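Below are the chains, spelled out letter by letter.
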Amino acid sequence: MTTPDAPQYRPGPKYVLLLGSLAAVPAITSDLYLPALPTVGAELGASAAAAQLTLSGMLIGGAIGQLVIGPLSDRFGRRLPVLVGLMGHVLTSILCMMAPNISALIGLRVAQGFFNAASSVVAIAVIRDRFIGSDAARLLSRLMLVIGVAPLFAPAVGGAIAEVWTWRGVFAVLAGLGLCLAVLVWRFMPETLPAERRRPAHPRVVARGYLTLLKDHRFMALALIPGLSQAVIMSYVVGSTYVFQKEHGLSSQQFALLFAVNGIALIGGAQLNAFLVRRTTPVKVLRASLALQAVFAVTLVIVTATGAGGLMALCVLLWLTLTFQGLVPGNASVLALHEYGHMAGTAAAFLGSMQAGIGGIISPLVGFTGGTGVSMVSVMAGSILTALAVLAFATPTYRRPRPAPGAAA
């Protein structure tokens, strides 16, 4: 389905790959660095909780960055903000490489998250410029295919880089990646926001746009769900390296393989979503998948706490929980953005800010509650159950028997 103000467009594989790569910049920046996390703490004399803040801090920076960059993309178009953001990513990667202590590294990672926000905001705003409803959900699922490749290879690649050049070499690679993406955007990404559809970036106009979103209870409820979903992913990311390598004794290579297998779960869920939204509405997929994910998450907590089934049961239930993760945030995002084509950048920024901010606030609870397997899966399950409660009680999704196609609540 396309909007009257969005020309009919069929994105080719290269264009989808470019958008997916932009949307994946925050994930790659986290996952490539992930295997080196224990080494960072040891070298800089930091605790596990402090080292984990180098991941969570990036999300906080991303939350702030999206609120700033989204309105700018509505004012100046999509290309300029993403190019500036990518060059900021390059600069902060170089500075992270030279960080003298953990405090400096945390601060630089916050700044890196700020600049990375441009990539994710623009990728989603470009989709909303041209698509709504099931078409947008399907394209977002295709982006998830690209984003999901990061967990498959990034930890193994990051671990190999860290073994040869230490964790600082990881940031050199990230700088090179940002530079390559900037060149590709410059040459191959067209502008999707014509001048006549751009909005002023005056602070008063921006504030009025965000106030409009804050007053929309339907939007706010749906915007919470991707944030809670991000908390699920980041709780897994920040806790998994300690849980599986320290608690269960996996080697770095075994952990990278396990991380890749769980990355397949995310990819599979996203592609299943692309299949399902061709045949039904995003809201139906969302309400069924979130309920099933909650069942698996609660079972995961019970199995982890009791030790029933050992490592195998933990891995299987974690895989199932992450599979349904691929069906939740994309549909919630599409439904939230449905009414805001006229301010897609601002709305996408607010949505992304909620996603990054909630994930950044909740995920450190894994470290602060002990960094154990029980801590990790409990925070994940708590986030999923909260998302289910929001969907059930803050929207009429479960109370309306036949929602209109493409509408949420």
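Residues numbered from 1 in each chain as written. Predicted model: local features only at pLDDT ≥ 70, side-chain atom pairs only at ≥ 80, totals over all residues. Heavy atoms only, no water.

> Quick rundown of the packing of helix α9 (residues 217-247) against helix α12 (residues 310-325)? Include the residues and the values.
Between two packed helices, what matters for the description is the angle formed by their axes and the separation of those axes. One can describe the packing of α9 onto α12 by two numbers: an axis separation of 11 Å at closest approach and a directional angle of 155 degrees. When the interaxial angle is binned, α9 and α12 end up roughly antiparallel. Of the two possible hands of crossing, α9 and α12 adopt the one that is left-handed. Between α9 and α12, the contacting residues are Ser229, Gln230, Val232, Ile233, Tyr236 and Phe244 on the first element and Leu311, Leu314, Cys315, Leu318, Leu322 and Gln325 on the second. In terms of residue class, the contact of α9 with α12 is made up of nine nonpolar, three polar and no charged. (Axes fitted to C-alpha atoms, helices over the stretch in contact; angles between N-to-C directions. Helix = DSSP H or I, 4+ residues; strand = E, 2+ residues; numbered from the N terminus. Parallel < 35°, antiparallel > 145°, perpendicular 65-115°, else oblique. Left-handed = near helix turned anticlockwise from the far one by under 90°. Contact = heavy atoms within 4.5 Å. Nonpolar A, V, L, I, M, F, W, Y, C, P; charged D, E, K, R; others polar.)

> Help me get a handle on the pattern of salt bridges, residues and values and all.
Oppositely charged side chains may form a pair once their charged atoms are brought near each other. Across all of its chains, the model carries two salt bridges by this definition. Notably, a salt bridge pairs Glu43 with Arg168, separated by 3.3 Å at the nearest N-O pair. Residue Glu43 is found in helix α3 (residues 37-43), and its partner Arg168 is found in helix α7 (residues 133-188); the two are separated by 125 residues along the sequence. Take Glu43: its relative accessible area is 42%, and that puts it in the partly exposed class. Among the ionic pairs, Asp74 bridges to Arg78, the shortest N-O distance being 3.0 Å. One exposure class covers both Asp74 and Arg78, and it is buried. (Salt bridge = Lys/Arg side-chain N within 4 Å of Asp/Glu carboxyl O. Buried < 20%, exposed > 50% of the residue type's maximum accessible area, 1.4 Å probe, protein only.)

> Talk me through the environment of Pro200; I want residue IDs and the actual numbers.
Positionally, Pro200 belongs in the loop between α7 and α8 (203-215). Distance from Pro200 to Asp74, taken between C-alpha atoms, is 7.7 Å for residues 126 residues apart in sequence. With sequence-adjacent residues up to four places away left out, Pro200 is seen in contact with Arg75 and Val205.

> Outline the layout of surface pockets, listing residues and values.
In this structure, the largest pocket occupies an estimated 280 Å³ of space. Forming the boundary of the largest pocket are 16 residues, of which Pro35, Gly159, Ala162, Glu163 and Ser252 lie nearest the centre. Secondary-structure elements contributing two or more residues to the lining of the largest pocket are α3, α7 and α10 (252-276). With eight residues, the single largest contributor to the lining of the largest pocket is α7. Residue classes in the lining of the largest pocket are distributed as nine nonpolar, six polar and one charged. (1 Å grid on protein atoms, 1.4 Å probe; cavity = no way out; pocket = protein on both sides within 12 Å on 5 of 7 lines; lining within 4 Å. Points joined across faces, edges and corners; volume = space filled by probe spheres on them.)

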